[in-house]
Amino acid sequence: MTAQTLYLDDALYHYLQAVSVRETPLLARLRVATQALPEARWQVAPEQGQLLALLVRLIGAQRVIEVGTFTGYSALCMAQAMDHGQLLCCDLPGSYNDIAWQYWREAAVAERIEMRLGPALQTLATLPDERYDLIFIDADKANYPLYLEEALRLLRTGGLVVFDNTLWSGRVLQEQADSDDTRAIQALNLALKNDLRVDLSMLPIGDGLTLCRKRL
Ligand SMILES: C[S@@+](CC[C@H](N)C(=O)[O-])C[C@H]1O[C@@H](n2cnc3c(N)ncnc32)[C@H](O)[C@@H]1O
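Predicted model, so just to flag it, every value in this text is computed and none were measured.

Engineer: Explain the overall build of the protein chain here, please?
Structural biologist: From N to C terminus, the protein chain includes eight helices and seven strands. The globule rule puts the C-alpha radius of gyration for 216 residues at 17 Å, and the 17 Å found for the protein chain is close to it. Seen along its three principal axes, the alpha-carbon backbone of the protein chain occupies a region of about 45 × 45 × 35 Å. Of all 216 residues assigned to the protein chain, the portion counted as buried reaches 47%. Excluding contacts between residues fewer than 6 apart, the proportion of contacts in the protein chain whose partners are at least 24 apart in sequence is 66%. Mean positive and mean negative side-chain charge positions of the protein chain (20 and 27 charges, respectively) differ by 6 Å.

This is how it looks when you write it as structure tokens:
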């Protein structure tokens, strides 16, 4: 029996990337362009992007929402995995919005993406119940518990909500949390453990990725 998830040192992590990540040249260019920005660490890891694309394909997602788009890397991964359908991206206005559109156009997926700029909770509140297949949450952490409630309203039965950063660089271990973001992620993780509305798996990939499948 495997007793514990394997610790990945640098060598093993690079091996995992080398043998499993199929990043396209366009995604690689977007990643390199993003690395030049001060907020570079916001972007998901390539293996996370690839997992999101796999999830889109696994459940045949056609209506997808992303909360937190930045330069569009995770959105591009998901959009390219959709044969048809629509990806709604929620973000705040920023110079990185244009970078996202530049790469989405180059990938010929721009026509299946809509971007709404403004606080995502306000955007989500305008959307209809139980219409969406997959929702990826990767924005303001302090609102994660509220995003869970909105996601469960918006998802169809069997739909997936995916939260990024649920290990929060280890800060989830803090007994006296030093920020609202940390407290919110801790609260979300604890609540999900016993939330019978969802099937649950927390993956130690990237900064922690939690998958929740809506049961009813
Ligand atoms: C971690 S980055 C997203 C990274 C992106 N998923 C990727 O892989 O490249 C978080 C994004 O959330 C956006 N954001 C932060 N607070 C937000 C809010 N209240 N509503 C909408 N977007 C927000 C930020 O502008 C930023 O672009």
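Engineer: Help me out: how do you make sense of the packing of helix α7 (residues 144-154) against helix α8 (residues 180-193) in this one?
Structural biologist: Viewed as axis vectors pointing N to C, α7 and α8 meet at an angle of 45 degrees, and their least axial separation amounts to 8 Å. With respect to α8, the axis of α7 lies oblique. Here α7 contributes Tyr144, Pro145 and Leu148 to the contact with α8, which in turn contributes Ala184, Ile185, Leu188 and Leu192. Looking at the contact of α7 with α8 residue by residue, the class counts come to seven nonpolar, no polar and no charged.

Engineer: Please clarify how the site of the ligand should be interpreted in this entry.
Structural biologist: Neighbouring the ligand are 19 residues, the closest being Ser74, Asp91, Tyr96, Ala120 and Asp138. Within the backbone of Gly68, an N or O atom sits 2.9 Å from a nitrogen atom of the ligand. Tyr96 is positioned such that a nitrogen or oxygen atom in its side chain is 2.8 Å from an oxygen atom of the ligand. Computed on the free molecule, the ligand has an accessible area of 610 Å², of which 90% lies beneath the protein chains in the complex.

Engineer: What exactly am I supposed to notice about the layout of surface pockets here?
Structural biologist: The rolling of a water-molecule-sized probe over the atoms marks out the regions of remaining empty space. Counted as a void, the second largest pocket has a volume near 340 Å³. Lining of the second largest pocket is provided by 15 residues; of these, Arg22, Gly49, Gln50, Ala53 and Arg57 occupy positions nearest its centre. Taken together, the residues of the lining of the second largest pocket break down into eight nonpolar, four polar and three charged.

Engineer: When you look at the packing of aromatic side chains in this model, what are you seeing that I'm missing?
Structural biologist: Both the distance between ring centres and the angle between the ring planes are used here to describe each pair of aromatic rings. For the structure on display, the rule yields five aromatic pairs. Between Trp42 and Phe70, the ring centres sit 5.1 Å apart and the planes meet at 65 degrees, which makes this aromatic pair edge-to-face. Of this pair, Trp42 sits in the loop between α2 (25-35) and α3 (46-58) while Phe70 sits in the loop between β1 (63-67) and α4 (73-81), and the two are 28 residues apart along the sequence. An angle of 75 degrees between the planes, with centres 4.8 Å apart, marks the rings of Trp101 and Trp104 as edge-to-face.

Conventions used here
Residues numbered from 1 in each chain as written. Predicted model: local features only at pLDDT ≥ 70, side-chain atom pairs only at ≥ 80, totals over all residues. Heavy atoms only, no water. Helix = DSSP H or I, 4+ residues; strand = E, 2+ residues; numbered from the N terminus. Rg over C-alpha atoms; globule rule 2.2 N^0.38 Å. Buried < 20%, exposed > 50% of the residue type's maximum accessible area, 1.4 Å probe, protein only. Contact = heavy atoms within 4.5 Å. Lys, Arg positive; Asp, Glu negative; His and termini not counted. Charge placed at Lys NZ, Arg CZ, Asp CG, Glu CD. Axes fitted to C-alpha atoms, helices over the stretch in contact; angles between N-to-C directions. Parallel < 35°, antiparallel > 145°, perpendicular 65-115°, else oblique. Nonpolar A, V, L, I, M, F, W, Y, C, P; charged D, E, K, R; others polar. Near = heavy atom within 4 Å. Polar contact = N/O pair within 3.5 Å; in protein donor to acceptor, adjacent residues only side chain to side chain. Areas by Shrake-Rupley, 256 points an atom, 1.4 Å probe, with all protein chains shown as cover. 1 Å grid on protein atoms, 1.4 Å probe; cavity = no way out; pocket = protein on both sides within 12 Å on 5 of 7 lines; lining within 4 Å. Points joined across faces, edges and corners; volume = space filled by probe spheres on them. Phe/Tyr/Trp six-rings, centres within 6.5 Å; stacked < 30°, edge-to-face > 60°.

Purely geometric numbers; function is a separate question.
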